[in-house]
Amino acid sequence: MIALLTRRIFGLVLTLIAVSLLIFAVTALLPGDPAAITLGTSATPETLAALRHEIGLDQPLIVRYGQWLAGALTGDLGRSYTYGVPVVGLISERLAVTLPLAALAILLSVLIAVPLGVAAAAKRGGFFDILATLFSQMGIAVPGFWVGLLLVLVFATSLGWMPAGGFPGWSNGVWPALKSLVLAAIALALPQAAVLTRVTRSAVLDTLHEDFARTAVAKGLSRSRVLWGHVVPNALVPILTILGLQFTFLVAGAVLIENVFTLPGLGRLAYQALSQRDVIVLQDVVLFFAGLVIVVNFLVDLSYLAIDPRLRAGGAR
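Since this is a predicted model, take the numbers as computed values, not measurements.

## Description of the overall build of the protein
For step 1, the next point in the chain: Looking only at helices and strands, one finds 14 helices and zero strands in the protein.
For step 2, the next point in the chain: Reading the protein from its N terminus to its C terminus gives the helix and strand order α-α-α-α-α-α-α-α-α-α-α-α-α-α.
For step 3, the next point in the chain: Based on the C-alpha atoms only, the size of the protein along its principal axes is roughly 85 × 60 × 35 Å.
For step 4, the next point in the chain: The buried share among the 317 residues of the protein stands at 39%.
For step 5, the next point in the chain: By sequence separation, contacts in the protein at least 24 residues apart represent 71% of the contacts at least 6 residues apart.
For step 6, the next point in the chain: Within the protein, the 15 negative side-chain charges are centred at a point lying 15 Å from the centre of the 20 positive side-chain charges.

## Re the nonpolar core
For step 1, the next point in the chain: Residues Trp68, Ile91, Leu266, Val281 and Val285 are the most contacted members of the largest nonpolar core, which totals 30 residues.
For step 2, the next point in the chain: For this core, the secondary structure elements donating two or more residues are helix H1 (2-28), helix H4 (61-74), helix H5 (87-122), helix H11 (236-260), helix H12 (266-276) and helix H13 (279-307).
For step 3, the next point in the chain: Ranked by residues supplied to this core, first place goes to H13 with nine residues.
For step 4, the next point in the chain: Two domains each donate at least three residues to this core, and these are domain 1 (1-74) and domain 2 (93-312).
For step 5, the next point in the chain: Setting aside residues no more than four positions away along its own chain, tryptophan 68 makes contact with Ser20, Ile23, Phe24, Ile280, Gln283, Asp284 and Leu287.

## Structural notes on the UniProt feature "domain: ABC transmembrane type-1" (unreviewed entry) in the protein
For step 1, the next point in the chain: Per the UniProt record, "domain: ABC transmembrane type-1" (unreviewed entry) is found at residues 95-300.
For step 2, the next point in the chain: Within residues 95-300, the helical portion is 83% and the strand portion 0%, while the C-alpha atoms at the span's ends are 22 Å from each other.

## Overview of the pattern of salt bridges
For step 1, the next point in the chain: Tallied over the full model, the rule gives one salt bridge.
For step 2, the next point in the chain: As a salt-bridge pair, arginine 201 and aspartate 129 come within 2.6 Å of each other at their nearest N and O atoms. Here arginine 201, found in helix H8 (residues 174-208), pairs with aspartate 129, found in helix H6 (residues 127-141); they are 72 residues apart in sequence, far enough to count as distant. Taken as a pair, arginine 201 and aspartate 129 share a single burial class, namely buried.

## Let's talk about unusual backbone geometry
For step 1, the next point in the chain: Non-glycine residue threonine 262 carries a positive phi angle of around 45°.
For step 2, the next point in the chain: With respect to the helices and strands, threonine 262 occurs in the loop between H11 and H12.
For step 3, the next point in the chain: Under the relative-accessibility criterion, threonine 262 is labelled partly exposed at 39%.

Parameters at a glance
- Residues numbered from 1 in each chain as written.
- Predicted model: local features only at pLDDT ≥ 70, side-chain atom pairs only at ≥ 80, totals over all residues.
- Heavy atoms only, no water.
- Helix = DSSP H or I, 4+ residues; strand = E, 2+ residues; numbered from the N terminus.
- Buried < 20%, exposed > 50% of the residue type's maximum accessible area, 1.4 Å probe, protein only.
- Contact = heavy atoms within 4.5 Å.
- Lys, Arg positive; Asp, Glu negative; His and termini not counted.
- Charge placed at Lys NZ, Arg CZ, Asp CG, Glu CD.
- Core = buried A, V, L, I, M, F, W, Y, C linked by side-chain atoms within 4.5 Å.
- Domains from an automatic or database assignment.
- UniProt positions renumbered as here; feature names shortened; annotations may be inferred.
- Salt bridge = Lys/Arg side-chain N within 4 Å of Asp/Glu carboxyl O.

Okay, here's the thing in C-alpha cells:
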C-alpha cells in the first residue's frame, strides 16, 4: 500500500508540474500587452517599460516560469496587475462562493441521479426506467447556461421566489447566501445528474447479474436488501469515476454559470482576468482549478482502494 501510494503521489506531482507548464505556455501566447492594457492608451513608452520591468514582463519566459512556479510552491502567487493586491487574497475571497456552489451542485446531482438510476435498474422497462432515459437524454442535450437562464426566467422573474443573481455574502446570513446559489447549483447539477443517472443504471444492471447477487436472492434475502446492501455498494466504482470526472465539468461550467448569475466566484474572476489580460491572476486561478481537479481525482483513486480490495491486491503486485 505504501509503495502504491508513493507512486500515485509522485504521478500527481508530475502531473501538476506538466499542467503548470502548459498553463504558462498558453497564457504567454495570449494577444495583448498586460502593461498597455493596465495603463491605457495614453501611457508613454517610458511608463510602459517601467511597468513591464516592475511586473517582470521584460524577463525571458523560462525565468518568468521558474519564478511563478517557485512562488506557487511557497504560497506566493504574486500580485494582480489590475487590482494591485495579492492573488492569494482574491482566490480566498472567491472560494467562499465557488466551493459551496460546486458542493451543492455535486450533492444535488447525487441526490437526483443515484436513486433514479437504481430505481430504473431495479424495474427495467418500467416507469422509472423510462423516466431515467428521458431525463438523461434531455439533460445531456440541454446546455447548462440555457437551463440557468430558464431558471432565472421562471423562478426569479416570473415567480419571484429566488434572486436572479448576485451574492449577498455569508456575513448576511447562511440562508440568503445559500438562496442566491440554489438556481446556479441546479443549472450546474442537472446536466451532470443526467450523465450520472445513466452510469448508475448501467452499473447497477451489470452488478445485478453477478453471481453474488443471484446467490443472495437464492438465499431468500429481500430484493431491496440485495439491491441496497449488496448490489449498489459493488457498483460504486464506476459511479465514483463519473463523480470525479464531473468535478472537472463543474469547475469548467462554473465560468459560464457564475457569469450568468453574476456570482463573484473563481469562474467569474478567471473571465475578468482574461478580458483584462491580468495574466498572473489567470495563471493562478487556472492552476488552482487544475490542481483541485487533480487532487479530487487522486482522492477518487484512493476511494477505489478502500471500496474494492482486489485493486489493492493488484496494486501491490
